[in-house]
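# Coordinate analysis (summary)
These are the residues of each chain, in order.
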Amino acid sequence: MDAVEELRDVLPLTAAVNGAGHLAIGGCDAVALAQRFGTPLYVFDEETLRHMCRAFRQEFSARHPDVQVVYACKAYIGRALAALLMEEGLGADVVSGGELAFLASVGFPPEGIYFHGNNKSESELREALAYGVGQVVADNFHELGLLSRLAAEAGRRQRLLLRLSPGVDPHTHAKTATGVLDSKFGFPIATGQAEEAVRRALASPSLELVGFHFHLGSPIFELDPYRQAIAMVLAFAAEMRERHGLELRELSVGGGFAAQYLPQEPPPPVAEYAEAIVLSLREGCRRHGLPLPRLSVEPGRAIVARAGVALYTVGAWKDVPGVRRYVSVDGGMADNIRPALYGARYSALVANRPLDGRRERVTVAGKFCESGDVLLWDAELPPLEPGDVLAVPAAGAYAPAMASNYNAALRPAIVFVRDGQARLVRRRERYDDLLRCELWPPE
Ligand SMILES: Cc1ncc(COP(=O)(O)O)c(C=O)c1O
């Protein structure tokens, strides 16, 4: 089996071996892309992006009458992606004024925007109000008070969701579990703080409390955490109706829908998440006699991970006899920190020789000055040569988004590919970009 077949489930939908015997994505030769745009390069396949947007819309809308699919921009946002999301009819969740600026720069419809975050600043909230952001998701009492005042000053009644912390363990990495009691995010139900938040929100004339949000963490490969959290939040909503007359008009179950990073670790299909979530919602609403609210879901990685492939050029190698062979590429933790940060695992293939069936064990290191800067430990790959183009699939989520200038690295270029056309959507940084904010002599 060739490497493209082996990695079929983690590569973009359009991945193929072309006539030159190279990996092709969106009808574009990956080796030619690497030559034309340089490496490291992030290649996004538009067909896969659109397919995932549609899968979420279709699978949830087929089961529930009022669904809003809200893309979580933190997974990766750029202007081209924002425009594509708009075309696909998705909303967007932002967690900063910066993410909002990306959306605003393409005229993203404000009513589809959800503003999250555990420490939104006064200026960010003002920017959100000025843009007319549809929903603010309040995370804490400080923010409730601030938003209430700023909305009143702006002469607005701001639609609001409260982020609840339902105390459900999603069985994911401790750094990405967010819905547990001991978390910086959200109002815990168990401590009574969630009820106090409801009371304060209802008492504010400048806030329109429309519902609740939770985000359990990510990636979540199991369905049960969603079921448990929905049951808890609906029970809470029923109490809030009884005690405070609150009508639950919207429930946001957050994101965390897993993406496939490795061929042997398939996540549940979108349809299974949709089925579990909608059934739990219906059942909980029936049990408590609540009308069905609007359902919003916030996929991030599940939309962009598989669409994105990172391309690197192979350079130096080092053999530690009896231990391992290191081969270094021209990127690493400055463009993809996930392996170093979370121990995230990826697969790889040689874009210029995907049909080469030889395999040897090799550790693919980045070029940055940390021993932990390793992209793949103990990968089975054809013998690598300097100049080979190494492709890392499923790299679209939280890699370019978390890219840094560590070691004064130039953040990579990003291209969107479709039908044999490559469009540069972000140029590679240059040295003058690194120096642009530096003041010498100091002012
Ligand atoms: C509130 C919220 N929604 C959605 C997401 C998206 O998660 P994922 O990319 O795993 O779908 C996150 C991720 O941190 C989040 O905090």
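A short tour of the structure in this document, coming up. Sequence order as written defines the numbering, with residues in each chain counted from 1. Local features are withheld for residues below a pLDDT of 70 in this predicted model, meaning they are given only at 70 or higher, and side-chain atom pairs are given and counted only at 80 or more; totals for whole chains, interfaces and linings count all residues. Calculated side-chain values reflect all of the structure's heavy atoms, with hydrogen atoms and water omitted.

### Focus on the overall build of the protein chain
Secondary structure elements are taken from DSSP: a helix is a run of H or I of four residues or more, a strand is a run of E of two residues or more, and numbering for both begins at the N terminus. On a plain count of helices and strands, the protein chain comes out with 13 helices and 21 strands. A globule of 443 residues ought to have a C-alpha radius of gyration of about 22 Å, and the protein chain, at 23 Å, matches this closely. Dimensions of the protein chain, computed from the C-alpha atoms along their principal axes, are close to 70 × 60 × 45 Å. Out of the 443 residues belonging to the protein chain, those deemed buried represent 56%. It only takes one pair of heavy atoms within 4.5 Å for two residues to be counted as in contact. When contacts within the protein chain are restricted to residue pairs at least 6 apart in sequence, long-range pairs at least 24 apart make up 69% of them. For the protein chain, the centre of its 47 positive side-chain charges and the centre of its 54 negative side-chain charges are spaced 2 Å apart. The globule rule used here is 2.2 Å times the number of residues to the 0.38 power, and the radius of gyration it is set against is calculated over C-alpha atoms. Relative accessibility thresholds used throughout: buried, under 20% of the residue-type maximum; exposed, over 50%; partly exposed, between the two (1.4 Å probe, protein chains only). Counting rule applied: Lys, Arg positive; Asp, Glu negative; His and chain ends not counted. Charge positions are represented by NZ for Lys, CZ for Arg, CG for Asp and CD for Glu.

### Observations regarding the site of the ligand
Contacts to the ligand come from 16 residues, most closely from S218, G256, E298, R301 and Y398. In this structure, an oxygen atom belonging to the ligand sits 3.1 Å away from a side-chain N or O atom of S218. Polar contact is defined as a pair of N or O atoms within 3.5 Å, subject to the rule that within protein one atom must be able to donate a hydrogen and the other to accept it, and that residues adjacent in sequence are counted only when both atoms are side-chain atoms. R301 is positioned such that a nitrogen or oxygen atom in its side chain is 2.8 Å from an oxygen atom of the ligand. Protein burial of the ligand: of its 400 Å² of free accessible surface, 92% is covered by the chains. The residue inventory of the shell around the ligand, partitioned by class, reads four nonpolar, seven polar and five charged. In this text, near means that some heavy atom of the residue lies within 4 Å of the molecule or strand in question. Calculation of accessible area relied on Shrake-Rupley with a 1.4 Å probe; when residues are assessed, cover is drawn exclusively from the protein chains displayed. Asp, Glu, Lys and Arg are counted as charged, while Ala, Val, Leu, Ile, Met, Phe, Trp, Tyr, Cys and Pro are counted as nonpolar; the rest, among them Gly, fall into the polar class.

### So, the environment of G134
Position of G134 among the secondary structure elements: in the loop between helix 6 (122–131) and strand 8 (135–138). Once the C-alpha coordinates of G134 and G91 are considered, the two residues, 43 residues apart in sequence, prove to be 9.9 Å apart. In contact with G134, not counting residues within four places along its chain, are P110, E111, I113, Q158 and R159.

### Description of the pattern of salt bridges
We count a salt bridge whenever a side-chain nitrogen from Lys or Arg sits within 4 Å of a carboxyl oxygen from Asp or Glu. Overall, the coordinates contain 40 salt bridges when judged by the stated rule. R126 is paired through a salt bridge with E122; the nearest N and O atoms lie 2.6 Å apart. Taken together, the residues span about one helical turn, with R126 and E122 both in helix 6 at a distance of four residues. Taking the relative accessible area as the measure of exposure, R126 reaches 40% and is therefore partly exposed. Put simply, R426 and E429 hold a salt bridge, and the shortest N to O gap is 3.3 Å. The buried category is assigned to E429, whose relative accessible area is 9%.

### Description of the packing of helix 3 (residues 46–61) against helix 4 (residues 79–87)
Between N-to-C directions, angles span 0 to 180 degrees; the directions come from axes that are lines fitted to C-alpha atoms, helices contributing only their stretch in contact. For the pair helix 3 and helix 4, interaxial distance at closest approach is 10 Å and the crossing angle is 45°. Compared by their axis directions, helix 3 and helix 4 come out oblique. The hand of the helix 3/helix 4 crossing is right-handed. On the side of helix 3, the interface is formed by E46, L49, R50 and C53, while helix 4 contributes L81, L84, L85 and E87. Between 65 and 115 degrees an angle is taken as roughly perpendicular, under 35 as roughly parallel, over 145 as roughly antiparallel, and anywhere else as oblique. Should the near helix be turned counterclockwise from the far one by less than a right angle, the crossing is left-handed, whereas a clockwise turn marks it as right-handed.

### Points about the environment of G331
Inspection of the secondary structure assignment puts G331 in the loop between strand 15 (324–329) and helix 12 (338–342). You can call G331 buried: its relative accessible area is 0%. Note: C-alpha distance between G331 and E272 (59 residues apart in sequence) is 36 Å.

### Notes on unusual backbone geometry
The omega angle of the peptide bond from S218 to P219 is -10°, so this bond is cis rather than trans. Here P219 is to be found in the loop between strand 11 (207–213) and helix 9 (224–244). For D378, which is not a glycine, the phi torsion comes out positive at approximately 50°. With respect to the secondary-structure elements, D378 resides in strand 18 (residues 374–381).

### Structural notes on the sheet that holds strand 2 (residues 23–25)
Note on pairing: DSSP must find at least two bridges between two strands before they are called paired. An order of 1-2-3 is seen for the three strands of this open sheet, with the pairing classed as antiparallel. In this open sheet, the two strands that pair with only one neighbour each are strand 1 (16–17) and strand 3 (28–29). When strand 2 meets strand 3, the two strands line up antiparallel, connected through two bridges. Bridging across to strand 3, A24 finds its partner in D29.

### Observations regarding the nonpolar core
Only buried residues count toward a nonpolar core, which is a set of Ala, Val, Leu, Ile, Met, Phe, Trp, Tyr and Cys residues joined through side-chain atoms within 4.5 Å. Among the nonpolar cores identified, the biggest contains 112 residues, and F60, Y71, L81, L162 and F212 are the most heavily contacted of them. Among residues more than four places away in sequence, those in contact with Y71 are Y76, I77, L81, L85, L90, G91, A92, D93, P299, G300, I303 and V304. Core analysis: the next-biggest nonpolar cluster, separate from the first, contains 26 residues, A3, V31, V43 and A351 among them.

### Thoughts on the pairing of strand 11
Taking burial as the measure, the seven residues of strand 11 include seven buried ones, the bulk of the element. The pairing of strand 9 (residues 158–165) with strand 11 spans six bridges and is parallel. Its bridge partner being in strand 11, L162 is matched across the sheet by F212. Relative to strand 12 (residues 250–252), strand 11 runs parallel, the two sharing three bridges. Residue F212 lies in a different strand from strand 12, and its bridge partner there is L251. With the strands pointing away from the viewer, any crossover whose connection runs clockwise from the first strand over the helix to the second is right-handed. Once you follow strand 11 into helix 9 and on to strand 12, the crossover reads as right-handed.

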